[in-house]
Amino acid sequence: MLEPERAPARLTELPEETRKFLAGLRPEELDTFREVVKMPAADIREGFKLVKELRAFGKFTRWLILTFISIFIGTVVLYEYVLKAIGFFSRGPSK
């Protein structure tokens, strides 16, 4: 960790865009940033990987549920029309 008295001098070495970003952080964002900096880099990478995998699983699950609902509705509609066709051919058209 850097010595606190050297930190302001090191900030002048940063690009202007980075200094603006750091100056615009809210106190709760700074607290989060401080905690993240304390963690090992491998843990941070694993956390991002986990979030990415959860998002992919969420998309997959959403499409899986929509597929099952669509298959169910399609089956019900097909069954209904098959019954109508059987009734049409066995009794003739309804009046």
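If you're wondering where the values come from, they're calculated on a predicted model, not measured in any experiment.

**Describing the overall build of the protein**
Item 1. Counting secondary structure elements, the protein contains 4 helices and 0 strands.
Item 2. Of the regular secondary structure in the protein, the N- to C-terminal order runs α-α-α-α.
Item 3. Counting every position in the protein, which comprises 95 residues, the buried fraction comes to 2%.
Item 4. If you sum the accessible surface of the protein, you get close to 9100 Å²; carbon and sulfur atoms cover 68% of it.

**A word on the pattern of salt bridges**
Close approach of charged atoms allows side chains with opposite charge to pair.
Item 1. Counted by the stated rule, this structure contains 6 salt bridges.
Item 2. Where Arg19 meets Glu16, a salt bridge forms, and the shortest distance between an N and an O atom there is 3.0 Å. Of the two residues, Arg19 and Glu16 are both situated in helix α2 (residues 16-23); the distance of 3 residues between them amounts to about one turn of the helix.
Item 3. Residue Glu16 is classed as partly exposed on the basis of its relative accessible area, which comes to 45%.

**Focus on a nonpolar patch on the surface**
Item 1. A cluster of nonpolar side chains, namely Ile65, Ile69, Phe72, Ile73, Val76, Val77 and Tyr81, defines an oily patch on the protein surface of about 680 Å² accessible area.
Item 2. Its location among the elements puts Val77 in helix α4 (residues 41-91).
Item 3. By relative accessible area, Val77 is classed as partly exposed at 38%.

**As for the packing of aromatic side chains**
Item 1. Tallying each qualifying case throughout the model produces 1 aromatic pair.
Item 2. An angle of 75° between the planes, with centres 5.4 Å apart, marks the rings of Phe88 and Phe89 as edge-to-face.
Item 3. On the accessibility criterion, Phe88 (42% relative accessible area) is partly exposed.
Item 4. By relative accessible area, Phe89 is classed as exposed at 69%.

**Description of the environment of Ile44**
Item 1. For Ile44, the location among the structural elements is in helix α4.
Item 2. Since its relative accessible area comes to 22%, Ile44 is described here as partly exposed.
Item 3. Here Ile44 is in contact with Val36 and Met39, once residues within four sequence places are set aside.

Reading the values: the criteria
Residues numbered from 1 in each chain as written. Predicted model: local features only at pLDDT ≥ 70, side-chain atom pairs only at ≥ 80, totals over all residues. Heavy atoms only, no water. Helix = DSSP H or I, 4+ residues; strand = E, 2+ residues; numbered from the N terminus. Buried < 20%, exposed > 50% of the residue type's maximum accessible area, 1.4 Å probe, protein only. Areas by Shrake-Rupley, 256 points an atom, 1.4 Å probe, with all protein chains shown as cover. Salt bridge = Lys/Arg side-chain N within 4 Å of Asp/Glu carboxyl O. Patch = residues over 30% accessible without salt bridge, like charges linked within 9 Å, V, L, I, M, F, W, Y side chains within 5 Å. Phe/Tyr/Trp six-rings, centres within 6.5 Å; stacked < 30°, edge-to-face > 60°. Contact = heavy atoms within 4.5 Å.

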